[in-house]
Amino acid sequence: LALDFVTGKLESNSQVRADELSVLLTKLGPSFIKIGQSLSIRRDLLSPAYVRGLKSLQDQVPSFPTAEAREIIESELGSSIEEVFEDF
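Predicted model, so just to flag it, every value in this text is computed and none were measured.

> What's the story with helix α2 (residues 14-28) in this structure? I'm lost.
Along an α-helix, a turn takes 3.6 residues, which lines up residues three or four apart on a common side. If you check α2, its first and last C-alpha atoms are 21 Å apart, about what 15 residues at 1.5 Å a residue would give, namely 21 Å. Where α2 is buried, its residues meet α3 (30-39) and α4 (48-59). Trailing α2 by a residue or two, G29 shows a phi angle of about 110°, which is positive.

Structure, rendered in structure tokens:
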């Protein structure tokens, strides 16, 4: 972004940077995807290019493995899911 600003290409590269942000948030995982999804509807905060770029996080994100989710939840809770929840 700084190089885009210095070279005067901030506006012309905004869609590319928005798409890169979407890819980055996806790589960072579910929490960051959720942040991107929330931002994708904030037209008052982001430029139209960034809103378009983040819209892909609404319906084009990779699935998150259930086994991995269970492992994280159980680790955080300190016990098995069955001990804490009636239905999961």
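> Help me understand the confidence of the model for the protein in this model?
Do not read the fine detail of predicted coordinates wherever pLDDT is low. Of all residues in the protein, 100% attain a pLDDT of 70 or more, and the chain-wide mean is 90. The secondary-structure element of the protein with the lowest mean pLDDT is helix α1 (residues 2-6), recorded at 87, while α2 shows the highest, at 93.

> Explanation requested: the pattern of salt bridges in the structure shown.
Applying the stated rule across the entire model yields four salt bridges. With its nearest N and O atoms 2.6 Å apart, the salt bridge here joins D4 to R17. Here D4, found in helix α1, pairs with R17, found in helix α2; they are 13 residues apart in sequence, far enough to count as distant. With a relative accessible area of 22%, R17 lands in the partly exposed category. Ionic pairing is found between R17 and E20, a salt bridge with its closest N-O pair at 3.0 Å. Here R17 and its partner E20 are both found in helix α2, three residues apart, which amounts to about one turn of the helix. Via salt bridges that share partners, D4, R17 and E20 belong to a single interconnected network.

> Could you clarify how one ought to interpret the packing of α2 against α3 in this entry?
When two helices pack together, their arrangement is captured by the angle between the axes and the distance separating the axes. At a minimum axis separation of 6 Å, α2 and α3 run at an interaxial angle of 145°. Facing L25, T26 and L28 of α2, the residues of α3 in contact are F32, I33 and G36. Split into classes, the residues belonging to the contact of α2 with α3 amount to four nonpolar, two polar and no charged.

> Can you walk me through the packing of α2 against α4 in this structure?
It is the contact of α2 with α4, at a shortest axis distance of 8 Å, that shows an interaxial angle of 30°. It follows that α2 is roughly parallel to α4 by the angle criterion. The interaxial crossing formed by α2 with α4 has right-handed handedness. Between α2, through S14, Q15, R17, A18, D19, L21, S22, L25 and T26, and α4, the contact on the second element is made entirely by A49, Y50, R52, G53, L54, S56 and L57. Taken together, the residues that form the contact of α2 with α4 break down as seven nonpolar, six polar and three charged.

> Would you mind showing me how to read helix α5 (residues 66-77) here?
Over its 12 residues, α5 runs 16 Å from end to end, which matches the ideal 16 Å to within 8%, given 1.5 Å per residue. At the C-terminal side of α5, G78 shows a positive phi close to 80°.

Rules used in this analysis
- Residues numbered from 1 in each chain as written.
- Predicted model: local features only at pLDDT ≥ 70, side-chain atom pairs only at ≥ 80, totals over all residues.
- Heavy atoms only, no water.
- Helix = DSSP H or I, 4+ residues; strand = E, 2+ residues; numbered from the N terminus.
- Expected span 1.5 Å × (residues − 1).
- Contact = heavy atoms within 4.5 Å.
- pLDDT = per-residue confidence, 0-100.
- Salt bridge = Lys/Arg side-chain N within 4 Å of Asp/Glu carboxyl O.
- Buried < 20%, exposed > 50% of the residue type's maximum accessible area, 1.4 Å probe, protein only.
- Axes fitted to C-alpha atoms, helices over the stretch in contact; angles between N-to-C directions.
- Nonpolar A, V, L, I, M, F, W, Y, C, P; charged D, E, K, R; others polar.
- Parallel < 35°, antiparallel > 145°, perpendicular 65-115°, else oblique.
- Left-handed = near helix turned anticlockwise from the far one by under 90°.

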